[in-house]
Number of protein chains: 2
Amino acid sequence: MLYYITMEHKYPFENEIRNLGLKVTGPRLKILSIFEESKSRHLSAEDVYQALKTNSSDVGMATIYRALANFEKAGILVKSTFEDGKAVFEINEGKHHDHLICIECGEVVCFVDEEIERRQKKIASKRGFTLKNHSLVLYGSCQQCESKLGT
Amino acid sequence: MLYYITMEHKYPFENEIRNLGLKVTGPRLKILSIFEESKSRHLSAEDVYQALKTNSSDVGMATIYRALANFEKAGILVKSTFEDGKAVFEINEGKHHDHLICIECGEVVCFVDEEIERRQKKIASKRGFTLKNHSLVLYGSCQQCESKLGT
DNA sequence: TTTATTGCAAAACCTTTGCATGTAT
DNA sequence: ATACATGCAAAGGTTTTGCAATAAA
């Protein structure tokens, strides 16, 4: 791989990867670039796989799963598991948020509610728990889908 | 199956099953009785399978999954999917609640917070969504596990 | 050169389904 | 008698792993 010699800043995550003590490889750069270029913020392993295939830059599924797991551990990506059992990943922008999902069309909207965050901490500590993490997902139907349903 | 003739009220869910238009069968009664007798409120399909095996009342996994799905659809059980991808079921006591889980020992605590419930509705409607459902799980470590970790 | 990474195929998981057998009604 | 339920084994879908080939450092 010569990218890092000939075009130092083509790949924005190059330094991040290197800082993780991981080698800067084609598959890793490609996977991250999919997240940057994709219209949908939330991608499953399969989504990444298909996007790369479309790009005619095939990467094996095993590599994708391994890369996603690495990037998550390193904090470059954040993983969420929805009720269908599938995991989706998104770029970690540092701001924590939760998700609102349309059960009809799959649209995903992010939100943050400070009051909910506060109350979660309170609930945990009242029960003697040290809160490490949480998962809040709202399921409903978006305006469009709701009106279609009514028809 | 003679239970319903000879011992009408041995199985408390007999009527519920019948009211669903389902046949009152041994496996169905046994599965529900596991939920009643079990110390842990939340059981996975595997948990039920093992409990029945211990009881020397073996029931096939397929039957368990089918029964759990039926009971959920009918509102006798409530299903939750945690981040490990496993689904757990619990008896539906009518009161909605969320879960607080110890990531060390697996302890599950139920809670309800009306303010969080209200804000969820608000968040959804502000974005044009009709809220159907939600999943809130807090992950942390309980007092005991936290102090063990410190050691 | 040395060590990490990839890709493939196989396995691991949890869950669902087809089908012949068995059971409730 | 009839329709429904069961059990087994096979298949589904997602994710993980072993291992030989390959690429980064």
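This text goes with the structure placed above it.
Residues numbered from 1 in each chain as written. Chains lettered and ligands numbered in written order. Predicted model: local features only at pLDDT ≥ 70, side-chain atom pairs only at ≥ 80, totals over all residues. Heavy atoms only, no water.

**Q** Can you tell me about the relation of the copies chain B and chain A, naming the residues and giving the values?
**A** Mapping chain B onto chain A leaves a residual RMSD of 0.1 Å; the transformation is a rotation of 179 degrees accompanied by 0.0 Å of translation along its axis. Both chain copies can therefore be described as sitting about a two-fold axis. Looking at the rotation axis and the C-alpha trace of chain B, the residue lying nearest is B:L136, at 2.1 Å. (Least-squares fit on C-alpha atoms with pLDDT ≥ 70 in both.)

**Q** Run through the interface of chain B and chain A, naming residues and quoting values.
**A** Contacts between the two partners involve 35 residues from chain B, matched on the other side by 35 residues from chain A. Between chain B and chain A lies a buried interface of about 3,200 Å² when both sides are counted; carbon and sulfur atoms form 64% of it. The interface formed by chain B and chain A contains four salt bridges. Ionic pairing is found between B:K132 and A:E146, a salt bridge with its closest N-O pair at 3.6 Å. Applying the counting rule to chain B against chain A returns twelve residue pairs in polar contact (both at pLDDT 80 or more). Elements supplying a minimum of two residues to the side of chain B that touches chain A: β3 (98-102), β4 (108-111), α6 (114-126), β5 (130-141) and α7 (143-150) of chain B. If you tally residues by element for the side of chain B that touches chain A, the top one is β5(B), at twelve residues. (Contact = heavy atoms within 4.5 Å. Buried area = accessible area lost by both parts, 1.4 Å probe. Salt bridge = Lys/Arg side-chain N within 4 Å of Asp/Glu carboxyl O. Polar contact = N/O pair within 3.5 Å; in protein donor to acceptor, adjacent residues only side chain to side chain. Helix = DSSP H or I, 4+ residues; strand = E, 2+ residues; numbered from the N terminus.)

**Q** Explain the sheet that holds β3(B) to me, using residue names and the numbers behind them.
**A** The six strands are arranged β4(A)-β3(A)-β5(A)-β5(B)-β3(B)-β4(B) in an open sheet whose pairing can be described as mixed. Each edge of the open sheet is held by one strand with a lone partner, namely β4 (108-111) of chain A together with β4 of chain B. Here the strands of the sheet are splayed against their neighbours by 20 degrees on average, with no regard to which way each runs. Pairing analysis gives four bridges linking β3(B) to β5(B), with the strands arranged parallel. Counted as the bridge partner of B:L100 is B:L138 from β5(B). Running at roughly 130 degrees to strand β5 (residues 130-141) of chain A, helix α6 (residues 114-126) of chain A makes contact with β3 (98-102) and β5 of chain A together with β3, β4 and β5 of chain B of the sheet. (Pairing = 2+ DSSP bridges. Axes fitted to C-alpha atoms, helices over the stretch in contact; angles between N-to-C directions.)

**Q** Lay out the packing of helix α4 (residues 45-54) of chain A against helix α5 (residues 61-74) of chain A in plain terms, naming residues and giving numbers.
**A** Residues and elements named next belong to chain A. Here α4 crosses α5 at 125 degrees, and the two axes come no closer than 10 Å. By the angle between their directions, the pair α4 and α5 is classed as oblique. The hand of the α4/α5 crossing is right-handed. The residues of α5 that touch α4, namely those facing A45, E46, V48, Y49 and L52, are M61, I64, Y65 and L68. For the contact of α4 with α5, the class distribution of residues is eight nonpolar, no polar and one charged. (Parallel < 35°, antiparallel > 145°, perpendicular 65-115°, else oblique. Left-handed = near helix turned anticlockwise from the far one by under 90°. Nonpolar A, V, L, I, M, F, W, Y, C, P; charged D, E, K, R; others polar.)

**Q** Would you mind going over α6(A) in detail, with residue names and values included?
**A** Along an α-helix, residues three or four apart share an orientation, since each turn contains 3.6 residues. With 13 residues, α6(A) extends 18 Å between its outermost C-alpha atoms, agreeing within 8% with the 18 Å of an ideal straight helix rising 1.5 Å per residue. Those residues of α6(A) that fall on the buried side of the exposure criterion are A:E115, A:I116, A:E117, A:Q120, A:I123 and A:A124. Those residues of α6(A) that are buried lie in contact with β3 and β5 of chain A together with β3, β4, α6 and β5 of chain B. For α6(A), the side-chain oxygen to backbone nitrogen distance between the N-cap and A:E115 is 3.0 Å, and the N-cap itself is A:D113. A:G128 sits one or two positions beyond α6(A) and adopts a positive phi of about 80 degrees. (Expected span 1.5 Å × (residues − 1). Buried < 20%, exposed > 50% of the residue type's maximum accessible area, 1.4 Å probe, protein only.)

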